[in-house]
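Here are the chains, one letter per residue:
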Amino acid sequence: MAIDIVQQPSVGLSKIALSQTHGENSPYFAGWKAYDENPYHEKHNPSGVIQMGLAENQVSFDLLEEFLENNQEATSWGKNVCGFKENALFQDYHGLLAFRKAMASFMEQVRGGKAKFNPERVVLTAGATAANELLTFILANPGDALLVPTPYYPGFDRDLRWRTGVEIVPIHCESSNNFQITPEALESAYDHASSKNMKVRGVLITNPSNPLGATIQRKVLEQILDFVTRKNIHLISDEIYSGSVFHSDEFISIAEILESRNYKDSERCHIVYSLSKDLGLPGFRVGTVYSYNDQVVTTARRMSSFTLISSQTQFLLASMLSNKEFTEKYIKINRERLHKRYETIVDGLKKAGIECLKGNAGLFCWMNLSPYLKEATRESEVEIWKTIMEEVKLNISPGSSCRCSEAGWFRVCFANMSEETLEVALRRLHEFMDRRRNGQVLSME
């Protein structure tokens, strides 16, 4: 028998519970809801919403399944039952040393061996979301500010602000230079924060960029590092797509820059990494904080007790990432498949009359619909987004949810679906553009 609970509005809740900074009212999350209510299925619901708002990598999942099929001991506690007891009993928050070594080695591998990582500086967290929030708690106080280049990942409003009380001050980047970060934009954001009496604690970049799908050039990284050094603030480099760059020589990690400077001023630099994107394992919730600051490493380890990874997961992934034959094969094939998928969607959009920012990484493209807006406003952008979601039945992420300062840009994900589903999505967009050009009323019939 169900028990009815009468809500008591007079019972108070915390400021966090009542806060509006989670960001769930954003079109980014609204699109997910529309998909959840009517998900596309090739056979059972062919007119449903296709999810193109989820940056998930499924293009190389067969390689992971093949590894597990050939290495079943990785999922069965090794060769004897003793392994079960070792993993089931208490583990301290340092995590398994074998996994931290394997993670450090994998981070080196995806960067082509151009940077070195010490397992003793690897702090394990339950995904990159937890890693970014944990670093924010450590580096800033409530009311302080982090400078973040726009457009940025919509989830940062939740990850960096909601529970920490820290503010995000946008570094406005423009399409005229392909949204690259400039010294002028950095200074402007810093000055704006100062004018609001906010103490700037650091700069957070994503490299490769989400949502741009492009890497940050060495010169720009040098300028950013010079800026944070001059201002005596921190630099967080979120590099969760570093293994998803189509050509490895096009990615430069901040670790590589620090190594070239003999680690001068490295104590202000911190790297976030995860296996959710490059390895396509978001459900495993595996992330890391890698810091060059001893106190940050110590504090992050203490705080990681709130965001641990299960020993079973660590055991399995230590086995997988320690197998160099597998990781070399996976990284190579995954890059090739992502590049092919990227070319498929960009070419398909071009045939429909839609241009994209030139990208070289990630699980998405940055699509430009600004020529088709009624006006160059956020309202016109949201209007066309609603049409695409409700009538074309595609969930894409509008640039306004990424805090883009220019209307008409959209993030479109392509790696979380089959090639056949991607073709359906492109066909729908092509028909949408044809009808729009012809001034016809949209219809999915």
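A brief look at the structure comes next. (Residues numbered from 1 in each chain as written. Predicted model: local features only at pLDDT ≥ 70, side-chain atom pairs only at ≥ 80, totals over all residues. Heavy atoms only, no water.)

The first and last C-alpha atoms of helix H9 (residues 218-231) sit 20 Å apart over 14 residues, in line with the 20 Å expected at 1.5 Å per residue. Within H9, the full set of buried residues consists of Val220, Leu221, Ile224, Leu225, Phe227 and Val228. For H9, the arc enclosing every buried residue in end-on projection is 155°, short of the 170-degree limit, so these residues lie on one face. Pointing more than 90 degrees away from the buried face of H9 are the exposed residues Lys219 and Arg230. Residues of H9 that are buried sit in contact with strand E3 (145-149), helix H8 (183-195), strand E5 (200-206), strand E6 (234-238), helix H10 (254-260) and strand E7 (269-274). Asn232 lies just past H9 and shows a positive phi near 60°. (Helix = DSSP H or I, 4+ residues; strand = E, 2+ residues; numbered from the N terminus. Expected span 1.5 Å × (residues − 1). Buried < 20%, exposed > 50% of the residue type's maximum accessible area, 1.4 Å probe, protein only. Arc of directions from axis to C-beta. Contact = heavy atoms within 4.5 Å.)

Pairing is antiparallel in the open sheet, where 4 strands are placed in the order E9-E10-E13-E12. Where the open sheet ends on each side, the last strands, each with one partner, are strand E9 (355-356) and strand E12 (397-398). As paired strands, E9 and strand E10 (residues 364-368) are joined by 2 bridges and run antiparallel to one another. Paired with Glu355 across the bridge in E10 is Asn368. The strands that helix H14 (residues 378-390) touches are E12 and strand E13 (409-413); relative to E13, the one it contacts most, it runs at about 30°. (Pairing = 2+ DSSP bridges. Axes fitted to C-alpha atoms, helices over the stretch in contact; angles between N-to-C directions.)

Right, let's talk about helix H13 (residues 324-351) for a bit. In this model, H13 (28 residues) spans 41 Å end to end at C-alpha, consistent with the 40 Å of a helix rising 1.5 Å per residue. N-capping of H13 is provided by Asn323, with a side-chain oxygen placed 3.3 Å from the backbone N of Glu325. Positive phi appears at Gly353, one or two residues downstream of H13, with a value of about 90°. (Polar contact = N/O pair within 3.5 Å; in protein donor to acceptor, adjacent residues only side chain to side chain.)

The next point concerns the pairing of E3. By the criterion of burial, E3 is predominantly enclosed, with 5 of the 5 residues buried. By the alternation rule, side chains of E3 split into Ala145, Leu147 and Pro149 and Leu146 and Val148, which are all buried. Two elements, E3 and strand E4 (residues 167-171), share 5 bridges in a ladder whose sense is parallel. Across the sheet, residue Leu146 finds its bridge partner in E4, namely Ile168. You can see the chain leave E3, run along helix H7 (residues 156-162) and come back into E4, and the turn it takes is right-handed. (Right-handed = clockwise from strand over helix to strand, strands pointing away.)

Before going further, it helps to spend a moment on the packing of H13 against helix H15 (residues 419-438). Close contact between H13 and H15 brings their axes to 9 Å; oriented N to C, the two are set at 20°. For the element pair H13 / H15, the angle class is roughly parallel. Once H13 is placed against H15, the crossing between them reads as right-handed. Between H13, through Lys340, Arg341, Thr344, Ile345, Gly348, Leu349 and Lys351, and H15, the contact on the second element is made entirely by Glu419, Leu422, Glu423, Leu426, Leu429 and His430. Looking at the contact of H13 with H15 residue by residue, the classes come out as 5 nonpolar, 3 polar and 5 charged. (Parallel < 35°, antiparallel > 145°, perpendicular 65-115°, else oblique. Left-handed = near helix turned anticlockwise from the far one by under 90°. Nonpolar A, V, L, I, M, F, W, Y, C, P; charged D, E, K, R; others polar.)

For the bond running from Thr150 to Pro151, omega is -5°, close enough to zero to count as cis. In this chain, Asn207 is followed by Pro208 through a cis amide linkage whose omega measures 0°. Mapped onto the fold, Pro208 is located in the loop between E5 and H9. One non-glycine residue with positive phi stands out, namely Asn197, at about 60°. Topologically, Asn197 is positioned in the loop between H8 and E5. Its identity is not glycine, yet Asn232 carries a phi of approximately 60°, on the positive side. Take Asn232: it is sitting in the loop between H9 and E6. We classify Asn232 as exposed; its relative accessible area is 59%.

Bringing the pattern of salt bridges into the picture now. With the rule as written, the count across this model stands at 19 salt bridges. We note a salt bridge from Asp157 to Arg403, for which the minimum N-O separation is 2.8 Å. Here Arg403 lies in the loop between E12 and E13 and Asp157 lies in helix H7, a separation of 246 residues in the sequence. On the basis of relative accessibility, which here comes to 4%, the residue Asp157 falls in the buried class. Judged by its relative accessible area of 40%, Arg403 is partly exposed. In this structure, Asp159 engages Arg158 in a salt bridge whose closest nitrogen and oxygen atoms are separated by 2.6 Å. Connected through shared salt-bridge partners, Lys114, Arg218 and Glu256 make up one network. (Salt bridge = Lys/Arg side-chain N within 4 Å of Asp/Glu carboxyl O.)

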